[in-house]
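# A closer look at the structure
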Amino acid sequence: MRPLRVQGAWLSETRAFTDDRGEFHELYSGPGLSGALGYEPGVAQVNRSVSRRGVLRGVHFAQMPPSQAKYVTCLSGAVLDVVVDVRVGSPTYRAWEAVHLDDPHHSLYIEAGLGHAFMALTDDAVVVYLTSRAYTPGREHGVHPLDPGLGIVWPDDVRPVLSEKDRTAPTLAEAERRGLLPVYDDCVAFHRTLRGQTAA
């Protein structure tokens, strides 16, 4: 697990075992992830999306607490996966980091409270993501992925395709004014509680 620049995000690199029959690959290891994080994130839901080139999903996040952590893997095709710090008061607030995912041996872990988005760089890009909490519509929010205030650099040779929900999402500044964003101190307290439960 390699920590990214945005606090609370990690890149996981897992091994594959090959022989003349093919390949075996442990896509996700709960104990391995828990050892790196210091707490057990849990898995409540497994989602799969298939996107054509240019589809842009996000920036999505859930209310805190408990929000929703994500473990994201691109099984086929390629995506540009982006984590965004939408936590008001965070040392890295407004920062974002992009990871090119085109290998199922690499996954992105995004801690609860952070924003997440990705753009499909190929047709039939298949993304699977494990979430720590089930999807709860009333607690889900978004920030416009093309918000100039965020300044995420998406590929300039790919035309973004957004859902109506993402197209009408507020800017980060608007979401902050409306009180929709997670608060960094709440996120820290929540994860401290999880680490305490693990230690007990």
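Above this text you will find the structure in question.
These lines cover the structure that appears in this document, whether it is placed above or below.

Definitions and cut-offs
- Residues numbered from 1 in each chain as written.
- Predicted model: local features only at pLDDT ≥ 70, side-chain atom pairs only at ≥ 80, totals over all residues.
- Heavy atoms only, no water.
- Helix = DSSP H or I, 4+ residues; strand = E, 2+ residues; numbered from the N terminus.
- Buried < 20%, exposed > 50% of the residue type's maximum accessible area, 1.4 Å probe, protein only.
- 1 Å grid on protein atoms, 1.4 Å probe; cavity = no way out; pocket = protein on both sides within 12 Å on 5 of 7 lines; lining within 4 Å.
- Points joined across faces, edges and corners; volume = space filled by probe spheres on them.
- Contact = heavy atoms within 4.5 Å.
- Pairing = 2+ DSSP bridges.
- Polar contact = N/O pair within 3.5 Å; in protein donor to acceptor, adjacent residues only side chain to side chain.
- Axes fitted to C-alpha atoms, helices over the stretch in contact; angles between N-to-C directions.

## Some remarks on unusual backbone geometry
Of the consecutive residues Gly58 and Val59, the connecting peptide bond is found in the cis state with omega at 10 degrees. Here Val59 lies in strand S6 (residues 56-62). Positive phi is not limited to glycine here, since Ser67 has a value of about 60 degrees. With respect to the secondary-structure elements, Ser67 resides in the loop between S6 and strand S7 (70-76). Even without being glycine, Asp124 reaches a positive phi, approximately 55 degrees. On the accessibility criterion, Asp124 (54% relative accessible area) is exposed.

## Focus: empty space enclosed by the protein
Tallying each qualifying case throughout the model produces two cavities of 30 Å³ or more. Roughly 50 Å³ of internal volume is contained in the largest cavity. Surrounding the largest cavity, Tyr28, Leu33, Pro41, Gly42, Val43, Ala69, Lys70, Tyr71, Tyr109, Leu130, Thr131 and Ser132 form its lining. Counting residues per element, the ones that place at least two in the lining of the largest cavity are S7 and strand S12 (125-131).

## Quick look at the environment of Gly142
Examined against the element boundaries, Gly142 turns out to sit in strand S13 (residues 140-142). Along the backbone, Gly142 and Leu172 are 30 residues apart, and their C-alpha atoms lie at a distance of 8.8 Å. Not counting residues up to four positions away in its chain, the partners in contact with Gly142 are Val59, His60, Phe61, Ala169 and Pro170.

## Some remarks on the sheet that holds strand S1 (residues 2-3)
An order of S1-S2-S10-S7-S12-S5 is seen for the six strands of this open sheet, with the pairing classed as antiparallel. At either margin of the open sheet sits one strand with a lone partner, and together these are S1 and strand S5 (45-51).

## Side note on the side chain of Ser132
Within the secondary structure, Ser132 is located in the loop between S12 and S13. Only 2.8 Å separates the side chain of Ser132 from the backbone nitrogen of Ala69, close enough to count as a polar contact. Those residues within four positions of Ser132 in sequence are excluded, and the remaining contacts are Pro41, Gly42, Ala44, Gln68 and Ala69.

## Quick look at the sheet that holds S6
Here five strands make up an open sheet; going across it, the order is S9-S8-S11-S6-S13 and the pairing antiparallel. Strands with a single pairing partner mark the edges of an open sheet, and in this sheet they are strand S9 (96-101) and S13. Each strand axis lies, on average, 25 degrees off the axis of its neighbour in the sheet, ignoring direction. Of the pairings in the sheet, the one linking S6 to strand S11 (residues 115-120) comprises three bridges and is antiparallel in character. Bridge assignment links Leu56 to a residue of S11, and that residue is Met119.

Take it as geometry only, folks, not as evidence of what the structure does.
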